Amino acid sequence: MLKEFKNFIARGNVMDMAVGIIMGAAFTAIVKSMVDDLIMPVIGVVTSGVDFADKFVALNGQAYETLAAAQAAGAPLITYGVFFNAVINFLIVAFVVFFLVKGVNKLKEAAEKEAAEKEAAAPSAPPADIALLSEIRDLLKK
């Protein structure tokens, strides 16, 4: 059982997945900071100082000055501002991943084109049986 587990962990796919998860977590922190610290303040200025992270609706009908006060009171809430921030996070991540995939595909296409050009430029050697028959022919001519 231990050997089987060791083989499972040593497989390339598991290691690739682990690296992807770690990089994804780090990337998420960067995107969250970009949204919270760069994009949302700009949107707040454009919308006359509205902070979406603090937007909510209390379902109990009472009015609360801040989201923190409503949460401290234990009120049932719909925090649509937090949802709006999550949607912006998703759109930014999707946009960045789109450009990453586009860039990788462009590099891959360039590498494939270069390999095809090298293959076309290099004369291909005849198959072994044709080479052998050519040698026999040449020997018979002598």
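Structure's up top.
Residues numbered from 1 in each chain as written. Predicted model: local features only at pLDDT ≥ 70, side-chain atom pairs only at ≥ 80, totals over all residues. Heavy atoms only, no water.

Caption draft 1: Examining the overall build of the protein chain more closely. A count of helices and strands for the protein chain gives five helices and two strands. Put simply, the protein chain runs from its N terminus to its C terminus through helices and strands in the order α-α-β-α-β-α-α. Seen through its principal axes, the protein chain has C-alpha atoms that stretch 105 × 50 × 20 Å. Counting all 142 residues of the protein chain, 11% fall into the buried class. Considering only contacts within the protein chain whose residues lie at least 6 apart along the sequence, 43% involve residues at least 24 apart. (Helix = DSSP H or I, 4+ residues; strand = E, 2+ residues; numbered from the N terminus. Buried < 20%, exposed > 50% of the residue type's maximum accessible area, 1.4 Å probe, protein only. Contact = heavy atoms within 4.5 Å.)

Caption draft 2: Fine view of the environment of Ala 128. Relative to the elements of secondary structure, Ala 128 occurs in helix H5 (residues 128-141). Its relative accessible area of 64% is what places Ala 128 among the exposed residues.

Caption draft 3: Focus on the pattern of salt bridges. Using the criterion set out here, one finds three salt bridges in the structure. The partner of Lys 32 in a salt bridge is Asp 36, and the shortest N-O contact between them spans 2.6 Å. Of this pair, Lys 32 and Asp 36 both sit in helix H2 (residues 12-46), four residues apart, which is roughly one turn of the helix. Salt-bridge contacts for Glu 114 lead to Lys 118; the nearest nitrogen and oxygen are separated by 3.8 Å. Within this pair, Glu 114 and its partner Lys 118 are both found in helix H4 (residues 80-121), separated by four residues, close to a single helical turn. Overall, the relative accessible area of 46% leaves Glu 114 in the partly exposed class. By relative accessible area, Lys 118 is classed as exposed at 56%. (Salt bridge = Lys/Arg side-chain N within 4 Å of Asp/Glu carboxyl O.)

Caption draft 4: Fine view of the packing of aromatic side chains. As enumerated under the stated definition, the model contains two aromatic pairs in all. Where Phe 95 meets Phe 99, the ring centres are 4.7 Å apart and the plane angle is 80 degrees; that geometry is what we call edge-to-face. Pair noted here: Phe 95 and Phe 99 are both in helix H4, with a separation of four residues, about one helical turn. A relative accessible area of 42% means that Phe 99 is categorised as partly exposed. Between Phe 98 and Phe 99 the ring centres are 5.2 Å apart and the planes differ by 70 degrees, which places this aromatic pair in the edge-to-face class. Taken together, the aromatic side chains of Phe 95, Phe 98 and Phe 99 make up a single cluster linked through ring pairs. (Phe/Tyr/Trp six-rings, centres within 6.5 Å; stacked < 30°, edge-to-face > 60°.)

Caption draft 5: A look at a nonpolar patch on the surface. On the surface, a cluster of nonpolar side chains totalling about 530 Å² of accessible area is made up of Leu 2, Phe 5, Phe 8, Ile 9 and Met 15. If you tally residues by element for the nonpolar patch, the top one is helix H1 (residues 2-10), at four residues. Mapped onto the fold, Leu 2 is located in helix H1. (Patch = residues over 30% accessible without salt bridge, like charges linked within 9 Å, V, L, I, M, F, W, Y side chains within 5 Å. Areas by Shrake-Rupley, 256 points an atom, 1.4 Å probe, with all protein chains shown as cover.)

Caption draft 6: Summary view of the side chain of Asn 85. Topologically, Asn 85 is positioned in helix H4. For Asn 85, the residues in contact, after removing those within four places along its chain, are Val 35, Met 40, Phe 52 and Ala 53.

Caption draft 7: How the structure looks around the environment of Ala 70. Tracing the backbone through its elements, the reader meets Ala 70 in helix H3 (residues 67-72). Ala 70 sits 14 residues away from Phe 56 along the chain, and the two C-alpha atoms are 9.1 Å apart. If we skip the residues at most four places from it in the chain, Ala 70 touches Phe 56, Tyr 64, Ala 75 and Leu 77.

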